[in-house]
Amino acid sequence: MQINENVTVGNFPAKPRRGSARKRTFFSSLATLALASAAALGISPGVAYAGDATIYTGDSGPGGKLIFQANGDNAWVCDIKADSNIVYGWASYTAANGKKEYALMHDADGANGNCAQLPTSDMKEGSNVLLEVCLRANLDSPTKYCNTRTATA
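Note that the structure is predicted; figures quoted are calculated from it, not measured.

Caption draft 1: Broad picture of the state of the cysteines. Scanning the entire structure with this criterion turns up 2 disulfides. Across a sulfur-sulfur distance of 2.1 Å, C78 and C115 are joined as a disulfide pair. Here the disulfide of C78 and C115 is right-handed, its torsion about the S-S bond being about 110°. One end of the pair, C78, is in strand β6 (residues 74–79); the other, C115, is in strand β9 (residues 114–118), and 37 residues separate them in sequence. A relative accessible area of 2% places C78 in the buried class. For the protein chain, the bonded cysteines connect in the pattern 1-2, 3-4 when numbered consecutively along the sequence.

Quick look at the structure:
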């Protein structure tokens, strides 16, 4: 598996910066979308799945997936269909130091067999990790065909 460097990692919530109102609106919308997606699928966001998890975008013949490996606290987002969409992934977790952290990632270079790796900090063992994968037409467009899952680090 090749690694793509299109990732963003930081503390959650993000510190106010230039353009921060737009970012806060985006993250608020993303969290709402995650909960709505989970409710629509009959998944309780509080339900955790131990260990590894793979989730696919909700389109027919999924265009993307997010892979989480609890052993090593690794995650990747992968474009798996040449459909001119960008695959976007998001994770929220508690780090070993107790801080709430988030990471955003996307695979925007087409379905060419590589994935964008999420460089997480060490996750607190046994804590919940909220994962979401979606498609986007471009980096500024709204997300679509999102799926959400909670796993355990």
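Caption draft 2: Examining the packing of aromatic side chains more closely. The full count for this structure, using the stated rule, is 0 aromatic pairs. Taking the ring centre of Y88 as reference, the NZ or CZ of R136 above it sits at 4.9 Å.

Cut-offs applied
Residues numbered from 1 in each chain as written. Predicted model: local features only at pLDDT ≥ 70, side-chain atom pairs only at ≥ 80, totals over all residues. Heavy atoms only, no water. Disulfide = S-S within 2.5 Å. Helix = DSSP H or I, 4+ residues; strand = E, 2+ residues; numbered from the N terminus. Buried < 20%, exposed > 50% of the residue type's maximum accessible area, 1.4 Å probe, protein only. Phe/Tyr/Trp six-rings, centres within 6.5 Å; stacked < 30°, edge-to-face > 60°. Lys NZ or Arg CZ within 6 Å of the ring centre and 35° of its normal.

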